[in-house]
Every structure is written in structure tokens, then in C-alpha cells.
Amino acid sequence: MTTWLDVAADLVLGATCPGCGHPGWGLCSACRGALARDSPFEVTRRIENFPAATAGGVYERVLRRLVAAHKERGARQSTGALAELLAGAVALHGDGPVTLVPVPSTPAAVRRRGYDSVHLIAAEAARRLRHRGVDVGVDRAVRHVRRLEDQAGLDTAARWANLRGAMVARHVRGRVLVVDDVCTTGATVAEACRALREAGVGECGAATVSATLLRGHR
Ligand SMILES: [Zn+2]
């Protein structure tokens, strides 16, 4: 669905493909083809509180640029493509009712972009899955309890120190999947799951649009 916001974003971005920068309207066919070749996979990280996790595609090339454009440059026209990948990651966890809990964006990031990127993708993924008969909702049950440094540019140890105890959650009934646009070290997802478990959530997994491959995982 193209909204006036997409149109405005295209005007701002000069109507280029957010995946490769070629002139045109929205995602070009080559980038669409590249995304269609991605398939969801299991994500493992050997860190405390990291749950059973899946991702819709590998965080590289087209997908990496799309995630960045959506998050930082207001490329809302790729919401559908990213949501489709997230839907694939959610489906890998099996059927049955599930609540998607987006990792919280910092207020500063939402102000900068004008929207909450992860929540937007989660809501669209849920809409598409409901269309396919899956019982899925979205609940912003996790929030920050203190101001965070920007995670980008921090190494794993520094991310941990930045994130530990940074989130708090409300209780959510039933099965929960923490969702995010990308899983790199896994620290964000792990912290969100820690907060949810502390709030009494029994079954907490994670599904992300994309994830980096660990060295040697090819
Ligand atoms: Zn393209």
C-alpha cells in the first residue's frame, strides 16, 4: 500500500530504490528478487538470556541497506518487504497464538525518524500473518527504564554494559516473541527477554527481520 507518507519519503529521497539506490519508485525488481532468495533461519548466540530465535534473512547486501534505510532515512516504502521477512521468521516458531513484542526504540530515535521503525514492521507482519489465519497480536510491553547510549559503534562488552537492566516489561499472557529489525550480538533481544521473564512471561522467544551470521556459520 502506498501512502502519502511513502510519496513524501520518495520525494525526499529523490525516488530511488532503498536497496540499491537506482532511480525508480520503491524497491526495484532486482532487490525484490534478492530478498525473495532469503529464507528464515535459526539464530544462536551464546549469551545469557538469549532465547530460541529466528531471523528472516541474513543481514548483508540488499537487506542490510534496507534495514538501515528504514531505520535512519525514513524509507517507509520498504516496510512491506521487511515485514514479509519478519513474518517468515515468526512462522518458523510454529503455529498457535503469539504476541509480538517490539524492542523499544529510544524516544530520540523516534523523534529523528518520525516513526517507530520496529513497531511499524511488527504491526505490518502481524497484519499479514492474521490474513493467513495466524492468531497474532502486537504489544509494546517492553520499555526503557533509563537513557541508552547509541548501540552502534559499541563493542559486545560495551553493549552489554549499556543494556543490562535497561528495560522493564509488563506481563503478557501466552507465548511471546521479541521482535527487532536486526540481531547482531543478541544483547538487545536478550535484555528484552530478561525483562519479560522477570514480568512473569513463561514462553519468550525472538524473531528478527535479519541477523548477522557468526564467523564460520555459512
Ligand atoms: Zn534496488
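We now turn to the structure provided with this report. Counting restarts for each chain: residues are numbered from 1 in the order of the written sequence. For this predicted model, a pLDDT threshold of at least 70 governs which residues receive local features, and a threshold of 80 or more governs which side-chain atom pairs are given and counted, while totals over whole chains, interfaces and linings are taken from all residues. As a convention, hydrogens and water are excluded, and side-chain values are obtained from all of the structure's heavy atoms.

## Topic: the coordination of the zinc ion
Note that water is not among the atoms considered, so a metal site may appear incomplete; the donors listed are N, O and S atoms within 2.8 Å of the metal, with 3.2 Å applied to Na, K and Ca. Within the protein, the atoms that donate to the zinc ion are C17 (SG), C20 (SG), C28 (SG) and C31 (SG), at distances of 2.3 Å. If you look at the zinc ion, its four donor atoms make angles of 106 to 116° with each other, and the shape they trace is tetrahedral. One chain supplies every donor for the zinc ion, spaced along it as C-x2-C-x7-C-x2-C. One end of the pair, C17, is in the loop between α1 (4-13) and α2 (29-36); the other, C28, is in the loop between α1 and α2, with 11 residues separating them in the sequence. Here a site with four donors is tetrahedral if all angles are between 85 and 135 degrees, and a site with four or six donors is square planar or octahedral if opposite donors are over 155 degrees apart and the other angles are between 65 and 115; anything else gets the irregular label. A helix here means a DSSP run of H or I that spans at least four residues, while a strand means a run of E at least two residues long, and both kinds are numbered starting from the N terminus.

## Focus on the side chain of E191
Within the element layout of this structure, E191 appears in helix α8 (residues 187-198). Identification of polar contacts relies on pairs of N or O atoms within 3.5 Å, with a donor-acceptor requirement for protein atoms, meaning one able to donate a hydrogen and the other able to accept it, and with residues adjacent in sequence counted only if both atoms are side-chain atoms. A polar side-chain atom of E191 sits 3.2 Å from the main-chain amide nitrogen of G165.

## Thoughts on the state of the cysteines
Our working definition of a disulfide is a cysteine sulfur pair at a distance within 2.5 Å. Evaluated as defined, the whole model comprises zero disulfides. Of the cysteine sulfurs around C183, a residue in no disulfide, the closest is that of C193, at 10 Å.

## Overview of the packing of α2 against helix α3 (residues 61-72)
Here, axes are lines fitted to C-alpha atoms. For helices the fit covers the stretch in contact, and angles between N-to-C directions go from 0 to 180 degrees. Here α2 crosses α3 at 110°, and the two axes come no closer than 9 Å. Between α2 and α3, the crossing angle belongs to the class labelled roughly perpendicular. Across the interface between the two elements, C31, A34 and L35 of α2 pack against V62, L63 and L66 of α3. Under the convention adopted here, Pro, Cys and the residues Ala, Val, Leu, Ile, Met, Phe, Trp and Tyr are nonpolar, Asp, Glu, Lys and Arg are charged, and Gly plus all remaining residues are polar. Its residues placed into classes, the contact of α2 with α3 shows six nonpolar, no polar and no charged. An angle counts as roughly parallel when it lies under 35 degrees, as roughly antiparallel when it exceeds 145, as roughly perpendicular when it falls between 65 and 115, and as oblique in every other case. Residue contacts are counted whenever heavy atoms from the two residues lie within 4.5 Å of one another.

## Overview of the environment of R170
Mapped onto the fold, R170 is located in the loop between β6 (167-169) and β7 (175-183). R170 gets classed as partly exposed once you look at its relative accessible area, which sits at 44%. On a C-alpha basis, the gap between R170 and A206 in space is 17 Å, while along the polypeptide they are 36 residues apart. Not counting chain neighbours up to four residues away, the residues in contact with R170 comprise D139, R140, A141, L196 and A199. A distance of 2.8 Å separates a polar atom in the side chain of R170 from a polar atom in the side chain of D139. The rule is simple: take the accessible area with a 1.4 Å probe, protein chains only, and divide by the maximum for that residue type; under 20% is buried, over 50% is exposed, in between is partly exposed.

## Comments concerning helix α7 (residues 156-163)
Regarding α7, the residues found buried are R159, W160, N162 and L163. Looking straight down α7, one finds its buried side chains confined to an arc of 165°; they lie on one side. Counted as exposed and oriented over 90 degrees from the buried face of α7: A157 and A161. Each element contacted by the buried residues of α7 is listed here: β6 and α8. Of the residues trailing α7, G165 is marked for its positive phi of about 70°. The arc in question is the one traced by the directions running from the helix axis out to the C-beta atoms.

## Description of the sheet that holds strand β8 (residues 203-211)
Any two strands with at least two DSSP bridges between them are considered paired. Sheet architecture is open: six strands sit in the order β1-β2-β8-β7-β3-β4, paired in mixed fashion. The open sheet has two edge strands with one neighbour each: β1 (41-43) and β4 (136-138). Direction aside, neighbouring strands of the sheet carry axes that sit 30° apart on average. Pairing of strand β3 (residues 98-102) with β4 involves three bridges; the strand directions are parallel.

## Some words on the packing of aromatic side chains
Centres within 6.5 Å are what make two rings of Phe, Tyr or Trp a pair, Trp counting through its six-membered ring; a difference in plane orientation under 30 degrees is then read as stacked, over 60 as edge-to-face, and the rest as tilted. The final tally for this structure, using the stated rule, is zero aromatic pairs. We call a charge positioned above a ring when the Lys NZ or Arg CZ atom is no farther than 6 Å from the ring centre and deviates by at most 35 degrees from the ring normal. For the cation-ring pair, R76 lies above Y115, with the distance from its terminal atom to the ring centre recorded as 5.1 Å.

## Some details on the pairing of β3
The buried fraction of β3 amounts to five of the five residues, a majority that puts the element mostly inside the structure. Alternating positions in β3 separate into two faces, V98, L100 and P102 on one and T99 and V101 on the other, with burial throughout.

## What about the side chain of D181?
Within the secondary structure layout, D181 lies in strand β7. Among the polar contacts listed, one links the side chain of D181 to the side chain of K71, at a separation of 3.1 Å. When neighbours within four sequence positions are excluded, D181 is seen to be in contact with V67, K71, V118, V209 and S210.

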